[in-house]
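Here are the chains, one letter per residue:
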Amino acid sequence: MITFMSEIICITNRKLCKDDFFLQLEKIAAAHPDSIVLREKDLDENEYYTLSKKVRDLCYSKNTEFTMHYYYKAAINLGVRRIHLPLHTLMEMNNEEKKFFRVIGVSCHSTEEAESAEKLGATYITAGHIYNTDCKAGLPGRGLGFLNEIRKKVGLSVYGIGGISVENAKDVILSGADGICIMSGFMKSPDPCRLVSLLREVTQNNG
């Protein structure tokens, strides 16, 4: 029997935090999800660069992986070798820029996008949104069938995203996901350590 743990990724959105963003991030980093992705889409590159330095140092102080989002040149300047991108941004990168990164994640919303991301050098993709979520208000979730369809089309790691919680995380993994990405659950959690513990328990796979 082989036992492994599916990856758990925290996606940030400081506007969702009830308390101080850095205090919440400190608690999340101490809970050791597999990575924290700093996804603050309203910031320009200079603002994001400044925030990234602080969050990078916080994550590293807790021995938690840190992933930057969108601004890949800022990540290169900061020496952060994990990046998450929209597909169109990955298309803009040259081979030398791609080679800098140890991990390249790409957000995908169709099987065609997933296949393109794989060909362009992504190491993982996020497929979503799976369930209805306030972050995509008015847009119905694509469902577990969508996730399973993408899983069959690509050979790289696939993470489910969108409306995922402790209650439905196991279904996401059983539908073929290698991991899960959670935003609201982490940003609003009063106890991220307990949240990660519960997620680890329900997403453990045996095969």
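Scroll up a little and you will see the structure.
Residues numbered from 1 in each chain as written. Predicted model: local features only at pLDDT ≥ 70, side-chain atom pairs only at ≥ 80, totals over all residues. Heavy atoms only, no water.

### Here's the deal with the pairing of strand E5 (residues 82-86)
Of all five residues making up E5, five are buried, and the element is well covered by its neighbours. Of the two faces of E5, both are covered, the one formed by Arg-82, His-84 and Pro-86 as well as the one formed by Ile-83 and Leu-85. Where strand E4 (residues 66-69) and E5 come together, two bridges link them in parallel fashion. Paired with Met-68 across the bridge in E5 is Ile-83. The sheet contact formed by E5 and strand E6 (residues 103-108) spans five bridges and is parallel. Residue pairing for E6: Pro-86 is matched across the bridge by Ser-107. (Buried < 20%, exposed > 50% of the residue type's maximum accessible area, 1.4 Å probe, protein only. Helix = DSSP H or I, 4+ residues; strand = E, 2+ residues; numbered from the N terminus. Pairing = 2+ DSSP bridges.)

### Details of the packing of helix H1 (residues 21-31) against helix H10 (residues 192-203)
The geometry of H1 relative to H10 is characterised by a closest axis approach of 8 Å and an angle of 35 degrees between their N-to-C directions. Here H1 and H10 pass one another in a crossing that is right-handed. Taken together, the residues of H10 that come into contact with H1 (itself represented by Gln-24, Lys-27, Ile-28, Ala-30 and Ala-31) are Pro-192, Cys-193 and Val-196. For the contact of H1 with H10, a count of residues per class yields six nonpolar, one polar and one charged. (Axes fitted to C-alpha atoms, helices over the stretch in contact; angles between N-to-C directions. Left-handed = near helix turned anticlockwise from the far one by under 90°. Contact = heavy atoms within 4.5 Å. Nonpolar A, V, L, I, M, F, W, Y, C, P; charged D, E, K, R; others polar.)

### Observations concerning the nonpolar core
Soluble globular proteins: nonpolar side chains tend toward being buried together. The biggest cluster of nonpolar side chains holds 65 residues, and the ones touching the most others in it are Met-68, Val-106, Ile-125, Ile-180 and Phe-186. Residues within four places of Ile-180 in sequence aside, it is in contact with Glu-7, Ile-8, Ile-9, Gly-160, Ile-164, Ala-169, Val-172, Ile-173, Leu-199 and Thr-203. (Core = buried A, V, L, I, M, F, W, Y, C linked by side-chain atoms within 4.5 Å.)

### What about helix H6 (residues 111-119)?
Restricting attention to buried positions, one finds in H6 the residues Thr-111, Ala-114 and Ala-117. Projection of H6 onto a plane perpendicular to its axis shows the buried side chains occupying an angular sector of 120 degrees, all on one side. Along H6, the residues that are exposed and aim more than 90 degrees away from the buried face are Glu-112 and Lys-119. As for H6, its buried residues are in contact with helix H4 (87-92), E6, strand E7 (124-128) and helix H7 (143-153). One or two residues past the end of H6 sits Gly-121, with phi positive at roughly 105 degrees. (Arc of directions from axis to C-beta.)

### Some points on the packing of H1 against helix H2 (residues 45-61)
Two quantities define a packed helix pair, namely the angle between the helix axes and the distance between the axes. In contact at an axis separation of 10 Å, H1 and H2 are set at 35 degrees when each is read in the N-to-C sense. Like other packed secondary-structure pairs, H1 and H2 cross with a definite hand, here right-handed. Of H2, the residues touching H1 (which contributes Phe-21, Phe-22, Leu-25, Glu-26 and Ala-29) are Leu-51, Lys-54, Val-55, Leu-58 and Cys-59. Grouping the amino acids of the contact of H1 with H2 by side-chain chemistry returns eight nonpolar, no polar and two charged.

### Overview of the packing of aromatic side chains
Scanning the model with the defined rule gives five aromatic pairs in all. On the numbers, 5.0 Å between centres and 80 degrees between planes, the contact of Tyr-70 with Tyr-71 is edge-to-face. A residue is classified by how much of its surface remains accessible, and Tyr-70, at 35% relative accessible area, is partly exposed. Since its relative accessible area comes to 17%, Tyr-71 is described here as buried. Members of the aromatic cluster, joined through ring pairs, are Tyr-48, Tyr-70 and Tyr-71. The side chain of Arg-81 reaches across the aromatic face of Phe-100, ending 5.8 Å from its centre. A cation sits over an aromatic face here: Arg-142 above Phe-146, 5.6 Å from the ring centre. (Phe/Tyr/Trp six-rings, centres within 6.5 Å; stacked < 30°, edge-to-face > 60°. Lys NZ or Arg CZ within 6 Å of the ring centre and 35° of its normal.)

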